[in-house]
Amino acid sequence: MTGAEILLETLVANGVEFCFMNPGTSEMHFVAALDRVHGCRGVLCLFEGVCAGAADGYARMTGKPAAILTHLGPGLGNALSNLHNARKARVPVVSIVGEHTRSHLNYDAPLSADISAFAKPVSEFVRTAMRPDDVGPAASETIAAALAAPGQVATLIIPADLSWSEAKGAGSVIAASAPQAVQVETIRSAAALLTGERTGLLLGGKSLNDRAFEAVARIAETTGVRVFMDRYAPKLPSGRGRFQPHRIPYFPEAALPLLANLEHMILVESQAPVTFFGYPNSPSYLLPEQCKVFTLAGRTEDGTGAMERLALLAAGSANVGHGAPFAGSAHAPAGVAFQESDPISAAVLGITIAGLLPENAIVSDEMISMGPQVLPYLLAAKKHDQLPVTGGSIGQGLPVALGAALACPDRKVVALEADGSGMYTPQALWTIAREQLDVVTVILANRRYRILDIEMKRTGAHGYGPRAEEMISIGRPNIDWVKLSESMGVPAVRVETPGQFAAEFRKAMETRGARLIEAVIG
């Protein structure tokens, strides 16, 4: 068998079902092997950033790795921003990069690059196979690294001549590593800190799930502690009927008062909260000086199991009844009435989506500036999962939706996407159409990098001159999302009023298949 066939057989043996790829010359033998080795389906993406984001979305919904295949250093370079997000999400991704033939590396050809150096900032593991017989074992090592708890990006670099050379059998099958159990003494120490509203619990990672929510709701009701969640975790359960921890606000002006009276913060698969950016005359660390931080479960530990045991201890502890009255979880804002002539606003979007979103939907959120205004309304929607931007690198919304739809073909996927960030990876629409996926994209078209309006003031840059304004506006010409979407095979419509948006979104929720709605924001 060839090295390419060995690589594919190793992926298949380890349950890797999809490879999101944008191949080049050095990967042609891998592409050809797809017709001889079955079980791992190649999905063509027209940009490497789509490959990486799709693998991220797939892993968030399944807990299993997909593979990506990119071409040499520049191809990997195009994937780096969404591999950064996948690394911050701590999900398993097997990143395969084709390299020049070993003999060709001596000549500094135009596409020669230090691929390992490109990969290391976004990969916890990098391995280069150097002989044909290395391919199988190296593939297994890479898969094992990707599956290391809680999950990580692992990169395998394969010179082209190894793909066409004869090689030995497939690599070994890797068992996913289970998260470590939290020690009983650690749980007891955490239980001693559950003394009312001056104690906070901050959930992140894989601890954001219904089992953990049921446990933490009992803890909060019993002890009066306040519960928060990491807004940058890979998957956030939302919707009515679920306990809803408070999402720590993006901006420090809102976050600091929310956390101001805390004396203890218990971390569950998370870190102490910090601001997204540093600002003039504003702290980066959000907890008050008097607040002591205690780690109940690290990122490689079983936070869900720890909270279930913590709930049992809390129920039988001397703290019962000593906490402040339980005020419940976060609540959706009240609804408002709209006129047909009104512009589309965050409230219009939030209330309409919350009312029409089907049970068990998946929402890929890259609304950027409008997200904090829209998302609270979705607390009143039917149960669903939200996939936020985990690493702050925009351009993941459409690719993550693509990967989630392939992972969960029986669930409606809704991508809530800003027009500026949507232009980073619009190629995902083409793959969504080609794969006939049930993805509805809502483009929030305000014709600006609106978040930069906010950040211009926050950073003390003091307003706009005409040249600065040109760097913020993305009008002149306006992006025609309807034509752009339809050119890539996704039916699309533009809406400008609340009634139009409600009618089109309802139709999209009731009909299976890809669709795009460009909502012009007033």
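Details of the structure are given in the entry above.
Conventions we followed
Residues numbered from 1 in each chain as written. Predicted model: local features only at pLDDT ≥ 70, side-chain atom pairs only at ≥ 80, totals over all residues. Heavy atoms only, no water. Helix = DSSP H or I, 4+ residues; strand = E, 2+ residues; numbered from the N terminus. Rg over C-alpha atoms; globule rule 2.2 N^0.38 Å. Buried < 20%, exposed > 50% of the residue type's maximum accessible area, 1.4 Å probe, protein only. Contact = heavy atoms within 4.5 Å. Lys, Arg positive; Asp, Glu negative; His and termini not counted. Charge placed at Lys NZ, Arg CZ, Asp CG, Glu CD. Patch = residues over 30% accessible without salt bridge, like charges linked within 9 Å, V, L, I, M, F, W, Y side chains within 5 Å. Areas by Shrake-Rupley, 256 points an atom, 1.4 Å probe, with all protein chains shown as cover. Salt bridge = Lys/Arg side-chain N within 4 Å of Asp/Glu carboxyl O. Axes fitted to C-alpha atoms, helices over the stretch in contact; angles between N-to-C directions. Parallel < 35°, antiparallel > 145°, perpendicular 65-115°, else oblique. Left-handed = near helix turned anticlockwise from the far one by under 90°. Nonpolar A, V, L, I, M, F, W, Y, C, P; charged D, E, K, R; others polar. Pairing = 2+ DSSP bridges. Phe/Tyr/Trp six-rings, centres within 6.5 Å; stacked < 30°, edge-to-face > 60°. Lys NZ or Arg CZ within 6 Å of the ring centre and 35° of its normal.

Enquirer: Explain the overall build of the protein to me, and be specific about the residues and the numbers.
Expert: Scanning the protein from N- to C-terminus turns up 20 helices and 18 strands. Computed over the C-alpha atoms, the radius of gyration of the protein is 24 Å, within 12% of the 24 Å expected from 2.2 N^0.38 for a compact globule of 522 residues. Within the protein, the proportion of its 522 residues that are buried is 55%. Taking all contacts inside the protein whose residues are at least 6 apart in sequence as the whole, residues at least 24 apart take part in 80%. Between the mean site of the 44 positive side-chain charges and the mean site of the 50 negative ones, the protein shows a separation of 3 Å.

Enquirer: So what's going on with a nonpolar patch on the surface? Residues and values would help.
Expert: A cluster of nonpolar side chains, contributed by Val274, Tyr285 and Val293, occupies part of the molecular surface with about 240 Å² of accessible area. By the secondary structure assignment, Tyr285 is in the loop between strand S11 (264-268) and strand S12 (292-297).

Enquirer: Any details on the packing of helix H9 (residues 210-223) against helix H11 (residues 303-315)? Residues and values, ideally.
Expert: Relative to each other, H9 and H11 sit at 25°, their axes nearing to 8 Å. Classified by the interaxial angle, the pair formed by H9 and H11 is roughly parallel. In terms of crossing hand, the pair formed by H9 and H11 is left-handed. Where H9 approaches H11, its residues Arg211, Ala212, Ala215, Val216, Arg218, Ile219, Thr222 and Thr223 are matched on the opposing element by Thr304, Gly305, Met307, Glu308, Leu310, Ala311, Ala314 and Ala315. Taken together, the residues of the contact of H9 with H11 sort by class into nine nonpolar, four polar and three charged.

Enquirer: For the sheet that holds strand S10 (residues 246-247), give the residues involved together with the corresponding values.
Expert: Judged by pairing direction, the sheet is parallel, and its five strands sit side by side in the order S10-S8-S7-S11-S12 without closing on themselves. On the outer flanks of this sheet lie S10 and S12, each paired with one strand and no other. Bridge count for S11 against S12 is five bridges, and the pairing is parallel. Its bridge partner being in S12, Leu267 is matched across the sheet by Thr295. Helix H8 (residues 184-191) contacts S11 and S12 of the sheet and is inclined by roughly 140° relative to S12.

Enquirer: Can you explain the packing of aromatic side chains? Please cite residues and give values.
Expert: Under the defined criterion, the tally for this structure stands at eight aromatic pairs. Ring plane angle 25° and centroid distance 5.6 Å describe the contact between Phe501 and Phe505, whose orientation is recorded as stacked. Placement of the pair is Phe501 and Phe505 together in helix H20 (residues 498-510), with a separation of four residues, close to one helical turn. Each member of the pair, Phe501 together with Phe505, is buried. In this structure an aromatic cluster arises from ring pairing among Tyr232, Tyr250, Phe251, Phe276 and Phe277. Between the NZ or CZ atom of Arg458 and the centre of the ring of Tyr279, over which it lies, the distance is 4.0 Å.

Enquirer: Any chance you could break down the sheet that holds strand S17 (residues 492-495) for me, citing the residues and the numbers?
Expert: Spatially, S9-S14-S13-S15-S16-S18-S17 is the arrangement adopted by the seven strands of the open sheet, whose pairing is mixed. Each having just a single partner strand, strand S9 (236-238) and S17 make up the two edges of the open sheet. Neighbour-to-neighbour, the strand axes of this sheet turn through a mean angle of 20°, independent of strand direction. The pairing of S17 with strand S18 (residues 515-520) spans four bridges and is classified as parallel. By the bridge assignment for S18, Val495 is matched with Ala519. Its contacts with the sheet place helix H14 (residues 397-407) against strand S13 (361-366), strand S14 (384-387), strand S15 (413-418) and strand S16 (439-445), and it is angled at close to 175° to S15.

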